[in-house]
Amino acid sequence: MHQYLKSIGFGNIQNKKELHKILHQVEKSYTQHNLMKLDEETDFCEYAKEFGAGIGIILCGDMDLSERFTPGYYIPFFVGTGITSYADVYVERRIDREAYVGICEDLKIGISLIFHLQNMTEYLREKQISRNSVKYTSITLSGLSNGGTILLPVLKSKEQEKKQQEDVRNRMMLMSAAKSGDQAAIDSLTLDDIDTYSEVSRRLITEDVFSIVDTYIMPYGVECDRYSIMGEIQEFQQMENEYTQEELYIMKLEVNGLTFDICVPVKEVMGEPAVGRRFKGEVWMQGRINF
């Protein structure tokens, strides 16, 4: 069973018989259906069913000329809102199955952010129409989390917030110049990192790390699209999985300058979420390319 079924409210599935019952319902009472030609005799087929606003399961497989569907794999999904980034995105096919990952090169976070591509068939159609020269406007990221902790915000004055925003802008400009090969920008970033390391090491003697670090995002585990995050809660709401009646939190987070939504079971969150507080946990990153 998929590890992140729990994130969308299917944490109480006990065995494969229960899982197959749910997947059968996805196939027979889907809310969205996509077909993509693979060869002369086979189509790639997607059945998607929502079990709440923006949450659900996608069942993927092959369909032959007789319209017999052969299931291949399934994934839980959560569709985010708004726009996360306008940065360049590269798309690569996974080795093991007909699925794709996106690689976002946003300068705000300083790493290549990898996510599971939700609208794969839409991307492949655009690729066919435009003959590999796909044009897009932005991406919308979302995250599935199996649990986490609510932390209090870091107290900052308006002057500190303004200086922090200026530092972020300056760092983005330096990183853009460094990507172009500017040696002065590379040297400046190196010195900044050394200064930051020295200051953090000094403050850690008397302060807690979470009072120094506002937000962060870093790779987690061996899967390339899983991340450990801490972000400021900008909005949150509760919703219910219509099949299991399990309560879920939908939170909009600001993480290192990026804004995206996450879905997490209420019973697995330690603490009470509120706007301005922070969420810390691990997420499986998903996303849609907006054409």
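Here goes a summary of the coordinates provided. This structure is a prediction, so every number in the text was calculated from the model and none was measured. (Residues numbered from 1 in each chain as written. Predicted model: local features only at pLDDT ≥ 70, side-chain atom pairs only at ≥ 80, totals over all residues. Heavy atoms only, no water.)

Moving on: the overall build of the chain. Each helix and strand in the chain was counted, giving 5 helices and 15 strands. Here the C-alpha radius of gyration of the chain, 21 Å, is about what a compact globule of 291 residues would show, namely 19 Å. Oriented by its inertia axes, the alpha-carbon framework of the chain measures out at about 65 × 45 × 30 Å. When contacts within the chain are restricted to residue pairs at least 6 apart in sequence, long-range pairs at least 24 apart make up 60% of them. If you sum the accessible surface of the chain, you get close to 16000 Å²; carbon and sulfur atoms cover 50% of it. In the chain, the 32 positive side-chain charges and the 45 negative ones have mean positions that sit 1 Å from each other. (Helix = DSSP H or I, 4+ residues; strand = E, 2+ residues; numbered from the N terminus. Rg over C-alpha atoms; globule rule 2.2 N^0.38 Å. Contact = heavy atoms within 4.5 Å. Areas by Shrake-Rupley, 256 points an atom, 1.4 Å probe, with all protein chains shown as cover. Lys, Arg positive; Asp, Glu negative; His and termini not counted. Charge placed at Lys NZ, Arg CZ, Asp CG, Glu CD.)

This paragraph deals with the environment of leucine 174. Here leucine 174 shows up in helix α3 (residues 158-179). When near neighbours in sequence (up to four residues on either side) are disregarded, leucine 174 contacts Ala185, Ser188, Leu189 and Asp192.

Here we come to the pairing of strand β7 (residues 113-117). Counting buried positions over the 5 residues of β7 gives 5, a clear majority of the element. For strand β6 (residues 100-104) and β7, the ladder comprises 4 bridges, and the chain directions are antiparallel. Within β7, the position partnered with cysteine 104 by the bridge is leucine 113. (Buried < 20%, exposed > 50% of the residue type's maximum accessible area, 1.4 Å probe, protein only. Pairing = 2+ DSSP bridges.)

A separate point is a negative patch on the surface. A contiguous patch of negative charge, built from Glu50, Glu240, Glu242 and Glu247, is present on the exposed surface. Note that glutamate 247 resides in strand β12 (residues 247-255). (Patch = residues over 30% accessible without salt bridge, like charges linked within 9 Å, V, L, I, M, F, W, Y side chains within 5 Å. Salt bridge = Lys/Arg side-chain N within 4 Å of Asp/Glu carboxyl O.)

What follows is about helix α1 (residues 16-28). Over its 13 residues, α1 extends 18 Å from the first C-alpha to the last, a length consistent with the 18 Å expected when each residue adds 1.5 Å. All of the buried residues in α1 are Leu19, Ile22, Leu23, Val26 and Glu27. When α1 is viewed along its axis, its buried side chains cluster within an angular range of 145 degrees and face the same direction. Of the exposed residues in α1, those oriented more than 90 degrees away from the buried face are Lys17, Lys21 and Lys28. Packing partners of the buried residues in α1 comprise β2 (43-52), β3 (55-63) and β4 (69-78). The residue sitting at the N-terminus of α1 and contributing the capping side-chain oxygen is asparagine 15; that oxygen lies 3.2 Å from the backbone nitrogen of lysine 17. (Expected span 1.5 Å × (residues − 1). Arc of directions from axis to C-beta. Polar contact = N/O pair within 3.5 Å; in protein donor to acceptor, adjacent residues only side chain to side chain.)

Evaluated as defined, the whole model comprises 8 salt bridges. Residues lysine 252 and aspartate 261 are paired through a salt bridge, measuring 3.1 Å at the closest nitrogen-oxygen approach. For lysine 252, a relative accessible area of 14% gives the class buried. Using a relative accessible area of 5% as the deciding quantity, one classes aspartate 261 as buried. It is possible to trace a salt-bridge network through shared partners that takes in Arg94, Asp96 and Arg97.

Bringing the state of the cysteines into the picture now. Summed over all chains, the structure comprises 0 disulfides. In this structure cysteine 60 is a free cysteine whose sulfur lies 8.4 Å from that of cysteine 45, the closest cysteine sulfur available. Classification of cysteine 60 as buried rests on a relative accessible area of 2%. (Disulfide = S-S within 2.5 Å.)

Picture a little ball the size of a water molecule; that probe, rolled over the atoms, points out where space is still empty. On inspection of all chains with the given rule, the structure shows 1 cavity of 30 Å³ or more. Its boundaries defined by the atoms lining it, the largest cavity holds a volume of some 50 Å³. In this structure, the largest cavity is lined by Glu46, Ile58, Cys60, Tyr73, Ile75, Ala99, His116, Leu117, Gln118 and Met120. Mapped by element, the contributors of at least two residues to the lining of the largest cavity are β3, β4 and β7. Its residues assigned to classes, the lining of the largest cavity comprises 7 nonpolar, 2 polar and 1 charged. (1 Å grid on protein atoms, 1.4 Å probe; cavity = no way out; pocket = protein on both sides within 12 Å on 5 of 7 lines; lining within 4 Å. Points joined across faces, edges and corners; volume = space filled by probe spheres on them. Nonpolar A, V, L, I, M, F, W, Y, C, P; charged D, E, K, R; others polar.)

These figures capture arrangement, not role.
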